[in-house]
Each structure stands twice: as structure tokens, then as C-alpha cells.
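Inside the fold
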Amino acid sequence: MVRINLGIGRTDSMKKRGERTKRHLNLKNDEANHITLLGKSGYGKTTIMRGMVEEIYSSYSDAGIPPIIIVIERKVDTSKPKKVIEIFHEETEKSTEKHIYRKYGDGIWNYIEHYVKELEKDKDLRYGLMGDFAIGFPNILGKYTKAGMDEYKTLLGRHGLSPAAYPARRFVFRPRRDIEDIAFDNGPLTEVISSKLAYPDMPFEIIADMNNLGEQSRYSAILKNIWDISKIRDPKEVLMIAEGSENPNSGPSQTYLRIEETMNRLKTDLLFTGDLENSFLTKLTNKKINILDFSQNSELETYEECLIFKLVVQNAINVAIKYRIPVFFVVDEVQNFMKDKNGKWAIDKILREGRSLCINLICATQYTDNLPKDILTGSSHIGIMGKLASNTDTKTLEKLIPDFKDVVDFDEPGSLSEYENLKKKLRFRGYFSYNKDYTEHIEYRQPQSL
Ligand SMILES: Nc1ncnc2c1ncn2[C@@H]1O[C@H](COP(=O)(O)OP(=O)(O)OP(=O)(O)O)[C@@H](O)[C@H]1O
Ligand SMILES: [Mg+2]
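All figures in this text were calculated on a predicted structure; none of them were measured in a lab.

Moving on, we come to the packing of aromatic side chains. One pair of aromatic rings is described through two measures. These are the centre distance and the angle between the planes. Counted by the stated rule, this structure contains 18 aromatic pairs. Both rings, one in Tyr-127 and one in Phe-184, keep their centres 4.6 Å apart while their planes meet at 45°; by these two values the pair is tilted. Placement of the pair is Tyr-127 in the loop between helix 4 (106–121) and helix 5 (140–144) and Phe-184 in helix 6 (residues 179–185), with a sequence separation of 57 residues. For Tyr-127, a relative accessible area of 15% puts it in the buried group.

Following this line, the structure appears as C-alpha cells:
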């Protein structure tokens, strides 16, 4: 069992002073610990997930079982670099260097200064797209921002934490901007890899999906035979074999042409490589936090993202069986995967088989009308950030969590200013239901990275 810090709960009179309010979550090593985070946009779901990733990374590593953490990132957040620039100027204007160094640490501050200077020189707009999971960038925002209710402490200070960067390996597919620029935006401990899928990693169904191959067609049957049954996963060789069964006395058949088209696509598309050693799957690591960059940095269609996700889940299952390493999938905006058959397959697979293999799902959604019930039913723990999106969501959760009605109550604002105050008060706070059995109010642990 590994304990992670969840945040601050309400005072518990049964506990000794000092340990009164800290809340931990016990993660089991021999079963799945799926967590779902719910809440409306802007209340901090992504921010808090980042905090959980940090906890999992350090607690498991401290326990001597470094896990494979795979984060699926959906968005870049342009407001973060803007806030970093703002804070830099405000601090340098109002405080002495000595004071700033003491507050943020000199290494961190010198880095921030360098980052801000580069951004301000940047006329070609190369920078400024920081990922939602800039896990390699120290969170100076959390050290600067006052914690809503507590005027004397900052968001991070309230949890006894300070800004820190965590090592990250970021996988970008068909990169839309320079790899170096993406690395620069995501902090000094971020390594960016231009990632490719290797032909040998890809089962025929993936090739068929990517190329819209008709299921019943002759070319599909021939290709499946060569690719999956003979396991010849090399476009050149495939073409030679297909050519071999052509009639030498007539022009190329439709079947051949369609196979040729498919193989050419594989050869020219930057997403693929013939070199198994270059496959991004071999670069997933338990020494760093893996981030699959499905933000604007990668030029991917939704169905391709889902296919990659499926491949990674299949790969993770093999790794989990072979090496008995715990695996954590951190999936933001999980609803995006539920509409696609491969995406749904991947989520279902983790939910169902995760238990026996210790493959865990931590996901978040701001679902408005209908919560994905499979995910909620399969989750061990459910967290709510700020408010729920609708009454229907409340009803669903009341059915699922017996003590939900008694514990959770959301004030409805009576005016616009009340609403604004409430939003401030509720950001990064909410409820956590342990094993869907015990629910309580919680101020979630802030992330040390941005
Ligand atoms: N330490 C911080 N101090 C102040 N603001 C912060 C801090 N960390 C994050 N933010 C900001 O808080 C806002 C909400 O955070 P976050 O992106 O986590 O919300 P979310 O629930 O994931 O929203 P969405 O559903 O839109 O993705 C963001 O605009 C982010 O820039
Ligand atoms: Mg988010």
C-alpha cells in the first residue's frame, strides 16, 4: 500500500493535534484504484490532477516501486505563461531580490527570469503554449496566489509545499511546432520526443481503421493475411508479395492498387516508422512522468488519438504482466474518448482488467448533461471540484454514493458578486468520496508544477 497526500480535510476531533486535517488516500498495490474527478470548467480539475500525479510519482518512487505514469493531455493553457510574466514584473517591482530569492528559491527565480526574457523577445510567437501538464515547470503561481480564505498563506503554502519541477517525458505526434520550443514552454525538466508508431507494433485492425479499408473487401483480406498472419509488417515486403500474386500479362489489379495506396501512406506519413527501436512505446519510462501530448502541439485526428491510446493500453498490459510495475493512466477530458470505439475500448479495458493487473485510471470530466456511468461505476473513489455541472449529475451521484445527499451541499449564489466570491471560494475545493463509502469536504493538494 502507498499513501498519497490528498489535501486538507475538516478538523477531526478524534485525531491528535497536528495530524488533524491532513488527508491521505491509500493506494493498493494488488488492485486498481480508479479515481474520477468531476466538476465544472475552471474549478481546477486539471490542476488537481497534476498534484495527484506528483504525489503518485514521489510516493511510489520513495517506496521503491517507481510506477509508469501516462498522462493524456488535451489542451494547452495560454493563460499560464501570461501569469508567469505578470508575476515576474510585479515581484521585481515591489520586492527586493533577496526577498524574492527567499520566497521562490534562487534557482527557480533565475529560471523564471530567463523564461520571461525569452518570451518578451519572441517576435515570431514560437513560445507561450504551455501544456495543461507542464509538470517540468515550477508552479510560481501557487506560491504567489493567496489562498482564498487564508489571507496570510499562499495556495502552496497552505499545504506546506513550494514550487518544484518534476521530470517529464513528453510525446508529441506529427509535431506542429519545433520540439525545442515545446520543451522550452514546458519547463527545464521536460524532455520532448517526436514520436512515431512502428509498423511492427500495429495490428492490422489499426491499419484498416486508419485507411478506411472495407472489411469485406478482397484487398483487406489479402493484406490482413500478410500483415497479421504471416507477420510481415514492412510496406516494401508487403508490396513485393502482393505483386507476386498479380497476373503478369495485365495491368495492376484494383486489389494491388489499394494495397499499394495503403503501404504508401504508411511510408510517407511522419507518424510511422519501420524501425522498432524508434517506436515511442519503447520510450515509455518509469523514471519520468510520461505525457502523451494530444494538445495543439500534435497534428492528430481524434480517431488517431484513440488508436494511440489503445496501443498504449495494450502495451501497458504487457508491461504490467511482465514486470509487475503499477501503471497509472491519467486521462483529462475523458469524455472525448468515450465517443470512439477504440477510445471506449481502452477506457473499458483499464476499468475492467486494471484490477487484476494494478493498472489504474485517474480521469476527469466536466460532463454537462450525462456523466459516463461506466466510469463512475468502475471508479473506487470520486472527487468533486467546486460544483457539479447539472442537477442530473447530482441525481446520478446520489444513487451511487449513499452519503452524498447528507454531506454535499452547494450554496446557490444570490447575485453576480456572490457568484464570483463563491467561485473563488470553491476553486480547488470540493468533496472526496473514499471507496464511494465515505464522503467529506476537502481542499485538494496544490501541484508544485505548473
Ligand atoms: N496556482 C494557481 N493560481 C491561480 N490560478 C491557477 C493556479 N493554477 C491554475 N490556475 C488557473 O486556474 C484555472 C482553472 O484551473 P484548471 O485548468 O485546472 O480547471 P479545470 O477544472 O481543468 O477546467 P476545464 O474543465 O476548463 O479544463 C486555470 O485558468 C488555471 O490557469
Ligand atoms: Mg482542465
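Past the structure itself, the notes keep going.
Contact geometry for helix 2 (residues 79–94) and helix 3 (residues 97–104): axes closest at 9 Å, N-to-C directions at 135°. Viewed along their axes, helix 2 and helix 3 adopt a mutual orientation that is oblique. Of the residues in helix 3, those touching helix 2 at Ile-87, Glu-91 and Thr-92 are Ile-100, Lys-103 and Tyr-104. A breakdown of the residues in the contact of helix 2 with helix 3 according to their chemical character gives 3 nonpolar, 1 polar and 2 charged.

Counting residues in each nonpolar core, the largest one holds 61 residues, and the members touching the most others are Phe-309 and Phe-329. The element contributing the most residues to this core is helix 11 (residues 302–323), with 11 residues. The residues touching Phe-309, leaving out its near neighbours within four places in the chain, are Ile-72, Phe-329, Val-331, Phe-337, Gly-343, Ala-346, Ile-347 and Ile-350. Core analysis: the next-biggest nonpolar cluster, separate from the first, contains 37 residues, Tyr-43, Ile-56, Phe-328 and Leu-426 among them.

Further remarks concern the site of ligand 1. As a matter of local geometry, ligand 1 sits amid 22 residues, with Ser-41, Gly-42, Lys-45, Thr-46 and Thr-47 nearest to it. Between ligand 1 and Lys-45 there is a distance of 2.8 Å, counted from an oxygen atom to a backbone nitrogen or oxygen. Here ligand 1 loses 89% of its free accessible area of 640 Å² to cover by the protein chains. Broken down by secondary-structure element, the contributors of at least two residues to the shell around ligand 1 are helix 1 (45–62), helix 2 and helix 5. Among the residues forming the shell around ligand 1, the class breakdown is 4 nonpolar, 10 polar and 8 charged. Each of domain 1 (28–74 + 287–444) and domain 2 (79–197) contributes no fewer than three residues to the shell around ligand 1.

Conventions we followed
Residues numbered from 1 in each chain as written. Chains lettered and ligands numbered in written order. Predicted model: local features only at pLDDT ≥ 70, side-chain atom pairs only at ≥ 80, totals over all residues. Heavy atoms only, no water. Phe/Tyr/Trp six-rings, centres within 6.5 Å; stacked < 30°, edge-to-face > 60°. Helix = DSSP H or I, 4+ residues; strand = E, 2+ residues; numbered from the N terminus. Buried < 20%, exposed > 50% of the residue type's maximum accessible area, 1.4 Å probe, protein only. Axes fitted to C-alpha atoms, helices over the stretch in contact; angles between N-to-C directions. Parallel < 35°, antiparallel > 145°, perpendicular 65-115°, else oblique. Contact = heavy atoms within 4.5 Å. Nonpolar A, V, L, I, M, F, W, Y, C, P; charged D, E, K, R; others polar. Core = buried A, V, L, I, M, F, W, Y, C linked by side-chain atoms within 4.5 Å. Near = heavy atom within 4 Å. Polar contact = N/O pair within 3.5 Å; in protein donor to acceptor, adjacent residues only side chain to side chain. Areas by Shrake-Rupley, 256 points an atom, 1.4 Å probe, with all protein chains shown as cover. Domains from an automatic or database assignment.

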